[in-house]
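# Topology and contacts: notes
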Amino acid sequence: MNVYELSSAAGLPCEIDPALVVALSSQKSENISPEEEYKIACLLMVFVAVSLPTLASNVMSQYSPAIE
């Protein structure tokens, strides 16, 4: 959240989802239930799925078959 808040305060555009940041930062604790781990994994998969079309349409994006 600090990165999102700092970039917003500085007037820089930031495409970080605050809910995703909160979910990932909550993963730091050791006593996470399996249900919470599942929710975090689902959030990450949704984040990647939503980001792929944007990255694919970006002219600066490159795909390296060697890295896959």
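Residues numbered from 1 in each chain as written. Predicted model: local features only at pLDDT ≥ 70, side-chain atom pairs only at ≥ 80, totals over all residues. Heavy atoms only, no water.

Identification of the chain as Nck-associated protein 1 from Saguinus oedipus is taken from an unreviewed UniProt entry. Among the UniProt annotations of the chain, the heading Subcellular location (unreviewed entry) holds the following wording: "Cell projection, Lamellipodium membrane". What the UniProt record of the chain gives under Sequence similarities (unreviewed entry) is the line "Belongs to the HEM-1/HEM-2 family." (UniProt positions renumbered as here; feature names shortened; annotations may be inferred.)

Turning our eyes to something else, we now look at the overall build of the chain. When you go through the chain residue by residue, the secondary structure sums to three helices and zero strands. Counting from the amino terminus, the chain carries its helices and strands in the arrangement α-α-α. Put simply, the chain has 68 residues, and 7% of those count as buried. A total accessible area of about 5,900 Å² is found for the chain, and carbon and sulfur atoms account for 64% of it. (Helix = DSSP H or I, 4+ residues; strand = E, 2+ residues; numbered from the N terminus. Buried < 20%, exposed > 50% of the residue type's maximum accessible area, 1.4 Å probe, protein only. Areas by Shrake-Rupley, 256 points an atom, 1.4 Å probe, with all protein chains shown as cover.)

Once that is clear, we can look at the pattern of salt bridges. Where charged atoms from two side chains of opposite charge approach closely, those side chains can pair. This structure, assessed with the given rule, holds one salt bridge. Between lysine 39 and glutamate 36 there is a salt bridge, with its nearest N and O atoms 3.7 Å apart. Of this pair, lysine 39 and glutamate 36 both sit in helix 3 (residues 34–57), three residues apart, which is roughly one turn of the helix. (Salt bridge = Lys/Arg side-chain N within 4 Å of Asp/Glu carboxyl O.)

The subject of this paragraph is the confidence of the model for the chain. Residue-level pLDDT values for the chain average 75, and 68% of them are 70 or greater. Of all helices and strands in the chain, the one with the weakest mean pLDDT is helix 1 (residues 2–9) (66), whereas helix 3 scores best (85). (pLDDT = per-residue confidence, 0-100.)

Taken together, Phe47, Val48, Leu52 and Leu55 make up a surface patch of nonpolar side chains, about 360 Å² in accessible area. Relative to the elements of secondary structure, valine 48 occurs in helix 3. (Patch = residues over 30% accessible without salt bridge, like charges linked within 9 Å, V, L, I, M, F, W, Y side chains within 5 Å.)

Right, let's get into helix 3. Residues that lie three or four places apart on an α-helix share one face, since the helix turns once every 3.6 residues. Between its terminal C-alpha atoms helix 3 stretches 36 Å, which fits the 34 Å expected from 24 residues at 1.5 Å a residue. Approximately 30 degrees is the largest bend angle found in helix 3, and it occurs at serine 51, with the proline proline 53 only one to four residues beyond. (Expected span 1.5 Å × (residues − 1). Bend = angle between axes of the 7 residues up to and from the residue.)

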